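Structural description and commentary
Here are the chains, one letter per residue:
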Amino acid sequence: MGLRSFFTRRRTPAAGESSAVVVATEREPLTPAQLADLEVAWAELRQAVQESGVTSFHACTRDGSRWQDNPESVRSMADTIRRTQKYTAEDPQDGPAR
């Protein structure tokens with residue numbers, strides 16, 4: 001087998017090899033305390049969006065779960081928006097100073 005054949009051959013999966021696809025598992029319903037925490041997180045995100053002037057954004061998770069149902073993920077999104085707004089407001093990135 002030449003080098004070209006070695007690099008162009010297709011790899012066949014071994015028997016029993018698991019797939020790299022992650023399937024989201026069904027989550028348990030949120031408790032009243034978790035729902036309250038989620039609502040507070042959403043209020044923080046709405047405030048960050050309003051202050052920044054963001055009109056739309058898209059987000060996803062690595063495991064296919066809904067980030068919208070996770071207070072930590074919602075707060076992380078709000079923090080990302082705030083940091084991006086602060087970064088662009090403090091130091092415009094027009095290019096290197098000349």
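Residue numbers restart at each chain and count upward from 1, following the sequence in its written direction. pLDDT decides what is reported in this predicted model: residues at 70 or higher carry local features, side-chain atom pairs at 80 or more are listed and counted, and totals for whole chains, interfaces and linings draw on all residues regardless. Computation of side-chain values: all heavy atoms of the structure, hydrogens and water removed.

1. Some remarks on the overall build of the protein chain
By definition, any uninterrupted DSSP run of H or I lasting at least four residues is a helix, any uninterrupted run of E lasting at least two residues is a strand, and each is numbered from the N terminus. Along the protein chain, the regular secondary structure elements total three helices and zero strands. Mapped from its N terminus to its C terminus, the protein chain presents α and β elements in the order α-α-α. Every one of the 98 residues in the protein chain was classed for burial, and the buried ones make up 11%. Methods summary: accessible areas were calculated by the Shrake-Rupley approach with a probe of 1.4 Å, and residue burial reflects only the protein chains presented. Per element, the accessible surface of the protein chain, about 8700 Å² overall, is 53% carbon and sulfur. A simple rule labels every residue: compare its accessible area, found with a 1.4 Å probe on the protein chains alone, to the largest value its type can have, and call it buried under 20%, exposed over 50%, or partly exposed in between.

2. What to know about the nonpolar core
Leu-38, Ala-41, Leu-45, Ala-48, Val-49, Trp-67, Val-74, Met-77, Ala-78 and Ile-81 form the largest nonpolar core, which has 10 residues in total. Elements that contribute at least two residues to this core include exactly helix H2 (32-52) and helix H3 (71-90). Residue contributions to this core peak at five residues, all from H2. By definition, residues are in contact when any of their heavy atoms lie within 4.5 Å. Residues contacting Trp-67, with those up to four places away along its chain left out, are Trp-42, Leu-45, Phe-57, Ala-59, Cys-60, Thr-61, Ser-73, Val-74 and Met-77. For our purposes a nonpolar core is just a set of buried Ala, Val, Leu, Ile, Met, Phe, Trp, Tyr and Cys residues, chained together by side-chain atoms within 4.5 Å.

3. Focus on the confidence of the model for the protein chain
The pLDDT value expresses, per residue, how confident the predictor is, ranging between 0 and 100. Looking at the protein chain as a whole, its pLDDT mean stands at 78, while 64% of the residues score no less than 70. Put simply, helix H1 (residues 3-8) is where the protein chain has its lowest mean pLDDT, 65, and H2 is where it has its highest, 93.

4. Considerations on the pattern of salt bridges
In the sections that follow, a salt bridge refers to a side-chain nitrogen of Lys or Arg positioned within 4 Å of a carboxyl oxygen of Asp or Glu. If you walk through the whole model with that rule in mind, you get five salt bridges. Across the salt bridge formed by Arg-75 and Asp-37, the nearest N and O atoms sit 2.7 Å from each other. Of the two residues, Arg-75 is situated in helix H3 and Asp-37 in helix H2; the sequence distance between them amounts to 38 residues. For Arg-75, a relative accessible area of 26% gives the class partly exposed. Here Glu-39 ties to Arg-46 by a salt bridge, and the two come within 2.9 Å at their closest N and O atoms. Given a relative accessible area of 44%, Arg-46 falls into the partly exposed group. Connected via shared salt-bridge partners are Asp-37, Glu-44 and Arg-75.

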